[in-house]
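# Structural characterization, general
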Amino acid sequence: MVWTDTTDGHQSQSCCNHVSGQYWIIGLPKTVTAAPGDDVILTCQVDPELNLTERTVEWLKPDLPPDPRDRLRGEEYVHQYRDAGEVLDLQMEEYRGRTMMFKDELKHGNISLKIFNVSEKDEGRYRCYIPKLKGWTQSSTVSLIIDKDLTKTGTTEMTLFSTNLQTTGPKEDLNDLGGSSDRSRLIPLVVFLVLVVLCVGSGLYIFVSKRQKSKVSKVPPL
């Protein structure tokens, strides 16, 4: 299995400024690539840490089109946790018996979802959502890619999301954290190269000017 869109290869990420009573839902990494038959974990975390054992938590596939045969049918879930338990009556048929949440981690704000024995039908975007959460966001999206060329790894265990998140700014796009760091390292190099070009150009200009003045001074008077 491959996790991407992380900073320095770690799955713990910097997030946002903590404002009293305001929360973020963070799905990182943003993309998970797995082989057919793998068990995958879609990682999602509330920051700052919040006890969610009595809250409603929903996992959905937002890109699924409505069923033309039953337009009155309500929304179906990949997985739903409500009233301190998992709710199966509204779960999509193809996910029954294949999903689980980490109940002991809910008290720490960890709402990650594990899907067993994935196939190409499971590919797509997944949205973790907490209704009525007071905060900057109420949901986050993680993409699952099924790569037939990958070797099946069986049950893949991973370190669950770290709840000790550091802050960088409430409106910073989490997807750009790694890119911002790279750009900050490139700025001094660009400035140095510009200075070198300016120095070389100035030196050439002075040299050419002196040569021209020297030639003019050597021309005999008429």
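About the cut-offs
- Residues numbered from 1 in each chain as written.
- Predicted model: local features only at pLDDT ≥ 70, side-chain atom pairs only at ≥ 80, totals over all residues.
- Heavy atoms only, no water.
- UniProt positions renumbered as here; feature names shortened; annotations may be inferred.
- Core = buried A, V, L, I, M, F, W, Y, C linked by side-chain atoms within 4.5 Å.
- Buried < 20%, exposed > 50% of the residue type's maximum accessible area, 1.4 Å probe, protein only.
- Helix = DSSP H or I, 4+ residues; strand = E, 2+ residues; numbered from the N terminus.
- Contact = heavy atoms within 4.5 Å.
- Pairing = 2+ DSSP bridges.
- Axes fitted to C-alpha atoms, helices over the stretch in contact; angles between N-to-C directions.
- Lys, Arg positive; Asp, Glu negative; His and termini not counted.
- Salt bridge = Lys/Arg side-chain N within 4 Å of Asp/Glu carboxyl O.
- Polar contact = N/O pair within 3.5 Å; in protein donor to acceptor, adjacent residues only side chain to side chain.

- An unreviewed UniProt entry lists the protein under the name Butyrophilin subfamily 2 member A1-like isoform X2, with Parambassis ranga given as the organism.
- Quoted verbatim from the Subcellular location (unreviewed entry) field of the UniProt record, the comment on the protein reads "Membrane".

## Structural notes on the nonpolar core
- Counting 29 residues, the largest nonpolar core has Trp59 and Ile111 as the members making the most contacts within it.
- Secondary structure elements with two or more residues in this core: strand S3 (31–34), strand S4 (40–42), strand S5 (44–47), strand S6 (57–60), strand S10 (113–115), strand S11 (124–129) and strand S12 (139–146).
- Top contributing element to this core by residue count: S12, with three residues.
- Apart from the residues within four sequence positions on either side, Trp59 is in contact with Leu42, Cys44, Tyr77, Val78, His79, Met101, Ile111, Ser112, Leu113, Tyr126, Arg127 and Cys128.

## Focus on the sheet that holds strand S9 (residues 99–101)
- With antiparallel pairing, three strands are arranged side by side in an open sheet as S4-S10-S9. Edge positions in the sheet fall to S4 and S9, since each has one partner strand and no second. Across the sheet, the mean angle from the axis of one strand to that of its neighbour is 25°, orientation sign disregarded.
- Across three bridges, the pairing between S9 and S10 is antiparallel. Residue pairing across strands places Met100 opposite Lys114, the latter belonging to S10.

## Thoughts on the side chain of Lys61
- With respect to the helices and strands, Lys61 occurs in the loop between S6 and strand S7 (79–82).
- Within the buried set, Lys61 has no salt-bridge partner at all; the shortest N-O distance to an opposite charge, 5.5 Å, is to Asp122.

## Re the side chain of Asp122
- One can find Asp122 in the loop between S10 and S11.
- At 3.4 Å, the side chain of Asp122 forms a polar contact with the side chain of Tyr95.
- A distance of 2.9 Å separates a polar atom in the side chain of Asp122 from the backbone nitrogen of Ser119.
- The residues touching Asp122, leaving out its near neighbours within four places in the chain, are Lys61, Tyr95, Arg98, Asn117 and Leu144.

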